[in-house]
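# Overview (structure and organization)
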Amino acid sequence: MAEITAGMVKELREKTDAPMMECKKALTEAAGDMARAEEILRVKLGNKASKAASRIAAEGVVGVHVSGDGKLAAIIEINCETDFVAKNDDFLAFARDCAALVAEQSPADVAALAQLPLRGATVESTRAELVGRIGENLSPRRFARIEAQGRIATYIHGGSKIGVVVDVVGGDETLAKDIAMHIAATKPVSLGRDEVPAELIERERSIAAQKAAESGKPAEIVAKMVEGSVQKYLKEVTLLGQPFVKDDKQTIEQLLKSKGATVNRFVLFLVGEGIEKKQVDFAAEVAAAAKGV
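The residue numbers shown here count from 1 along each chain, following its written sequence. Per-residue local features are limited, in this predicted model, to residues with pLDDT of at least 70; the limit for side-chain atom pairs, both in listing and counting, is 80 or more; totals at the level of whole chains, interfaces and linings are taken over all residues. No hydrogens and no water enter the side-chain calculation; it runs on all heavy atoms of the structure.

## Quick notes on the overall build of the chain
For helices the rule is a DSSP run of H or I covering at least 4 residues; for strands it is a run of E covering at least 2, with both sets numbered from the N terminus onward. Helix and strand content of the chain: twelve helices and ten strands. Residues classed as buried in the chain amount to 40% of the 293 residues present. Contacts: residue pairs with any heavy atoms within 4.5 Å of one another. Contacts in the chain between residues at least 24 apart in sequence constitute 63% of all its contacts with a sequence separation of at least 6. As presented, the chain carries roughly 15,600 Å² of accessible surface, and 53% of it is formed by carbon and sulfur atoms. Relative accessible area decides the class of each residue, using a 1.4 Å probe on protein chains only: under 20% of the type maximum gives buried, over 50% gives exposed, and in between gives partly exposed. To be clear on the numbers: accessible area is Shrake-Rupley with a 1.4 Å probe, and residue cover counts the displayed protein chains and nothing else.

## Some words on the packing of helix H1 (residues 6-16) against helix H2 (residues 20-29)
Helix axes are fitted to C-alpha atoms over the stretch in contact, other axes to C-alpha atoms as well, and angles between N-to-C directions run from 0 to 180 degrees. Direction vectors running N to C along H1 and H2 enclose 115°, while the axes themselves pass 9 Å from each other. Relative to H2, the element H1 is oriented roughly perpendicular. The hand of the H1/H2 crossing is right-handed. On H2, the residues touching Met8, Val9, Leu12, Arg13 and Thr16 of H1 are Met20, Cys23, Lys24, Ala26 and Leu27. Split into classes, the residues belonging to the contact of H1 with H2 amount to seven nonpolar, one polar and two charged. Angle categories are assigned with fixed cut-offs, so that under 35 degrees is roughly parallel, over 145 is roughly antiparallel, 65 to 115 is roughly perpendicular, and the rest are oblique. Whether a crossing is left-handed or right-handed is set by the direction in which the near helix is turned from the far one by less than a right angle, anticlockwise for left-handed and clockwise for right-handed. Nonpolar residues are Ala, Val, Leu, Ile, Met, Phe, Trp, Tyr, Cys and Pro. Charged residues are Asp, Glu, Lys and Arg, and all others, Gly as well, are polar.

## Considerations on H1
The set of residues buried in H1 consists of Gly7, Met8, Val9, Glu11, Leu12 and Thr16. Looking one or two places after H1, you find Asp17, whose phi comes out positive at around 65°.

## Brief notes about the pattern of salt bridges
Salt-bridge detection follows one rule: a side-chain nitrogen of Lys or Arg within 4 Å of a carboxyl oxygen of Asp or Glu. The final tally for this structure, using the stated rule, is 16 salt bridges. One salt bridge connects Arg145 with Glu147, and the closest N-O pair in it is separated by 2.9 Å. Assessed through its relative accessible area of 25%, Arg145 is described here as partly exposed. Overall, Glu147 belongs to the exposed group, its relative accessible area being 55%.

## Re the sheet that holds strand E5 (residues 138-147)
For two strands to count as paired, DSSP must find a minimum of two bridges between them. The antiparallel open sheet is built from three strands, whose spatial order is E1-E2-E5. In the strand order of this sheet, the two ends are held by strand E1 (59-66) and E5, each with one partner. Each neighbouring strand pair of the sheet contributes to a mean axis angle of 15°, computed without reference to strand direction. In the sheet, strand E2 (residues 72-80) pairs with E5 via nine bridges, with the strands oriented antiparallel. Paired with Ile78 across the two strands is Pro140, which belongs to E5.

## Side note on the packing of helix H5 (residues 89-105) against helix H7 (residues 123-134)
Helix-helix packing: each pair is described by the crossing angle between the helix axes and the interaxial distance. The N-to-C vectors of H5 and H7 enclose an angle of 170°; their axes lie 11 Å apart at closest approach. Judged by the angle between their axes, H5 and H7 are roughly antiparallel. Where H5 approaches H7, its residues Asp90, Phe91, Phe94, Cys98 and Leu101 are matched on the opposing element by Val123, Thr126, Arg127, Leu130, Arg133 and Ile134. Across the contact of H5 with H7, the residue classes tally to seven nonpolar, one polar and three charged.

## A closer look at the sheet that holds strand E10 (residues 262-270)
Sheet architecture is open: three strands sit in the order E6-E7-E10, paired in antiparallel fashion. Since the sheet does not close on itself, it has two edges, and those belong to strand E6 (151-157) and E10, each with one partner. Ignoring which end each strand starts from, the neighbouring axes of this sheet average 10° apart. In this sheet, E10 lies alongside strand E7 (residues 162-169) in antiparallel orientation, the contact comprising eight bridges. By the bridge assignment, Val169 is partnered in E10 with Thr262. Where helix H8 (residues 173-186) meets the sheet, its contacts fall on E6, E7 and E10, and the angle it forms with E6 comes to roughly 40°.

## A word on the side chain of Glu39
In this structure, Glu39 sits in helix H3 (residues 34-45). Overall, Glu39 belongs to the buried group, its relative accessible area being 14%. Whenever a nitrogen or oxygen atom comes within 3.5 Å of another N or O atom, the pair is scored as a polar contact, on the condition that within protein one atom can donate a hydrogen and the other can accept it, and that pairs from neighbouring residues in sequence are kept only if both atoms are in side chains. In this structure the side chain of Glu39 is engaged in a polar contact, spanning 3.0 Å, whose partner is the side chain of Arg36. Beyond its immediate sequence surroundings of up to four residues, Glu39 is in contact with Arg203, Ser206, Ile207 and Gln210.

## Focus: the packing of aromatic side chains
Here is the rule: rings of Phe, Tyr and Trp (six-membered ring for Trp) pair when centre to centre is within 6.5 Å. Planes less than 30 degrees apart are stacked, more than 60 are edge-to-face, and the remainder are tilted. This model, assessed by the stated rule, comprises zero aromatic pairs. Sitting over the ring of Phe269, Arg142 keeps its end group 4.2 Å from the ring centre. We call a charge positioned above a ring when the Lys NZ or Arg CZ atom is no farther than 6 Å from the ring centre and deviates by at most 35 degrees from the ring normal.

## Observations concerning the confidence of the model for the chain
Confidence of the predictor in every single residue is expressed as pLDDT, which spans 0 to 100. Mean pLDDT over the chain stands at 87; residues scoring 70 or higher make up 89%. Between residues 48-57, whose pLDDT stays under 50, and residues either more than four places distant or in other chains, the model counts 26 contacts.

## What to know about H8
Expected helix span is taken as 1.5 Å per residue step, with the number of steps being one fewer than the number of residues. Helix length check: H8, at 14 residues, gives a terminal C-alpha distance of 20 Å against a target of 20 Å (1.5 Å per residue), a fit within 8%. The secondary structure elements touched by the buried residues of H8 are E6, E7, strand E8 (243-244), helix H11 (252-258) and E10. Taking the backbone nitrogen of Thr174 as reference, a side-chain oxygen 3.3 Å away marks Asp172 as the first, capping residue of H8. Taken from the residues just after H8, Lys187 is the one with a positive phi, measuring 55°.

What follows is the structure, given as structure tokens:
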């Protein structure tokens, strides 16, 4: 049987907001598998145990650049080790410079970005110099570049921890800004249903099936319950299906239609999304230190 540590319980609680004992039970049942334990909690506690997607798992910032004519934009995530450095002026300037380079030079990937000229050197040598000066590792992680078909709107939130770039065709500047803010608030997975990754849908279907099976209802009713849960999930995670945050009586799709507008594309970056932060068991460290005294 896998050992369930206090650090594992703490990590699962931070991801799900579930009670400590429920987290421990789920980890025990899952034999220490964090992903499976989170799924077990989803089955037992419902959507309240599904906060992982919105949590910050590493430090850094999201930088955004928009061209003067508003037809070209870039967004970049640059990571560092601590939130203190994420507020450093030189670090923030580096993020802005890199975003501008992505927009202007259109590098193929992060490796290509590293070789572009910056401040009389290259992005990589500037990064290395900054690491030496600040005393903390930092690195560009990912970026995206958008050539607008319509109007570019951007939104940065939470001390540059959340960044959005959206291309809205039609409508006005206020509508585009509202859509960008909505995306930052609700964090949709995709624009429409067809773009939701199949593995996410299957995971949701599996969770719904487990929950429905516990109801003890006939198979045909269970099948309808599962399908209903999947359809509800798709509305929640697609931009067009979500209720507008400023008026939940209409969906984003309905709002856009009323304004004669469409969303061509959006990019949402959450700092540290998908990165597992190193977990420190402070109690164990203190105990170990005490033994060494």
